[in-house]
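# Structural features, examined
Residue strings, one per chain:
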Amino acid sequence: MKLRRQIAAAAATAAVLMLVPSAVAAAAGDPKAPAVPSDSLRALGAQQNLRVGTAVDDAHLNTDQPYTAIVADQFSVVTAENAMKWESVEPTRGSYDWAAADRLVAFAGQHGQEVRGHTLLWHNQLPGWLTTGVADGTIGKAELREILHKHVTDEVTHFRGKIWQWDVANEVFANSWDANPLPNGLNGDDFWIKNLGEGVIADAFRWAHQADPKALLFYNDYNAAGQDGSNAKFQAVHDYFAKLRAQGVPVDGIGEQGHLDTQYGFDAQRFQNDLQSYADLGLKVAVTEADVRTFVNNATEQVPTSQLGEFAQPYEFSEMLKACQLVTQCISFTAWGVYDGDSWIPGTFAGTGYGLLYDVNMKPKPAYVALQQDLAIGADAAHRGKGHGPK
Ligand code: 9MR
């Protein structure tokens, strides 16, 4: 651990001093990987066994050439931003529409990329027929459980063998502002917990494992690595999954989403320590939805309104990546979208934006360069037998 910290400190210094090497081996170690720029995030990550990813918007993939080129060239793992969610795949009960999700999986196959499946059990983006049926009582508890079982089984089966990591359950723990936390930290108001009880979480992992025994099964959440200040949510997630593992529930990893906002500050050491604590349970970890928002002039241009925000945005992005690089079990680092012009942030947190690696014109930002430097340094350390090891 101490050695790793020294590497981190050296890396931080070197990041300021060094330029990115212009020629490093492309996508080393993966014979199937297509030719990609040797200084791309994915090529540099490959040299330290770390996949670098992005969420992909089906509205842009294949139709928007610059967008598609960035996804192909820069990233080695992709997540469907919306296309695998329940409302997308089963808009009408009993009638599946896999088209958008299949397009992404096919694209990934053609470009030597892995896929993160997102997400099976979540309170959000449920199909209307399901939420309406539960609300008006036409779908009772026993039937709801069968519907969920079928959903998990059918979706995981449809993609069997093609998904690297599944976000089996998403955002079921309470935040400090939630009204009804359970004693173990789960959110008592969560749709699934309220209707079916907390046992449904372990069941979802069991059902997913039955449908695809080789996929890595993740729990995914935000503020689960110390960003709530108290570290309370981390502790709840940690203790809960320690218990499930001890019971033999097939949980393989914890995904920390990594949605940061520069106005709140960020304790990078705590973030790393928390990822390491999950790893110490025998779990893999991943940063699954990284973005760092800050106050901006308007949603169209997304120019930061303060120099501090402009500085903190790439800095916090880099700190998250370095934490992942320093935790051997951290297997992927994914940004939640390609460019600022296509991010959920301005529509959800009015007045903020500038959260991603590429700007509204799809030009790489300082955050992109910061990650590229971190990865170049990590690749160099890996070549010297230090740093991020094999998974
Ligand atoms: O980025 C997604 C956005 O396009 C959707 O409208 C939104 C609906 O809730 O979900 C966004 O993605 C979320 C992800 O699935 C789970 N973690 C939080 C992400 C940002 O809201």
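Above this text is the structure in question.
Residues numbered from 1 in each chain as written. Predicted model: local features only at pLDDT ≥ 70, side-chain atom pairs only at ≥ 80, totals over all residues. Heavy atoms only, no water.

This part is about empty space enclosed by the protein. Empty space left among the atoms is revealed by rolling a probe the size of a water molecule over them. Under the defined criterion, the tally for this structure stands at three cavities of 30 Å³ or more. Taken as a whole, the second largest cavity encloses approximately 40 Å³ of empty space. Lining the second largest cavity are Val-56, Asp-57, Asp-58, Leu-61, Ala-80, Ala-83, Ala-100 and Leu-104. Residues belonging to the lining of the second largest cavity are distributed by class as follows: six nonpolar, no polar and two charged. (1 Å grid on protein atoms, 1.4 Å probe; cavity = no way out; pocket = protein on both sides within 12 Å on 5 of 7 lines; lining within 4 Å. Points joined across faces, edges and corners; volume = space filled by probe spheres on them. Nonpolar A, V, L, I, M, F, W, Y, C, P; charged D, E, K, R; others polar.)

Soluble globular proteins tend to pack their nonpolar side chains together in the buried interior. Of all hydrophobic cores here, the largest spans 99 residues; its most connected members are Leu-130, Trp-166, Trp-192, Phe-205, Phe-241 and Leu-357. Of all the elements, helix α9 (residues 199-211) adds the most residues to this core, at eight residues. Those residues in contact with Trp-166, other than ones at most four positions away along the chain, are Met-84, Gly-117, His-118, Leu-120, Glu-155, Val-156, Phe-159, Ala-215, Leu-216, Leu-217 and Phe-218. (Core = buried A, V, L, I, M, F, W, Y, C linked by side-chain atoms within 4.5 Å. Buried < 20%, exposed > 50% of the residue type's maximum accessible area, 1.4 Å probe, protein only. Helix = DSSP H or I, 4+ residues; strand = E, 2+ residues; numbered from the N terminus. Contact = heavy atoms within 4.5 Å.)

The next point concerns the pattern of salt bridges. According to the stated counting rule, one finds eleven salt bridges in the structure shown. For Glu-143, the salt bridge is made with Arg-93, and the minimal N-O distance between the two is 2.8 Å. Note that Glu-143 is positioned in helix α7 (residues 141-158) and Arg-93 in the loop between α4 (86-89) and α5 (99-110), a separation of 50 residues in sequence. Arg-116 is paired through a salt bridge with Asp-167; the nearest N and O atoms lie 2.7 Å apart. Of the two residues, Arg-116 sits in strand β3 (residues 114-121) while Asp-167 sits in strand β4 (residues 165-170), which places them 51 residues apart along the sequence. Among the charged side chains, a salt-bridge network with shared partners connects Arg-145, Asp-203 and Arg-206. (Salt bridge = Lys/Arg side-chain N within 4 Å of Asp/Glu carboxyl O.)

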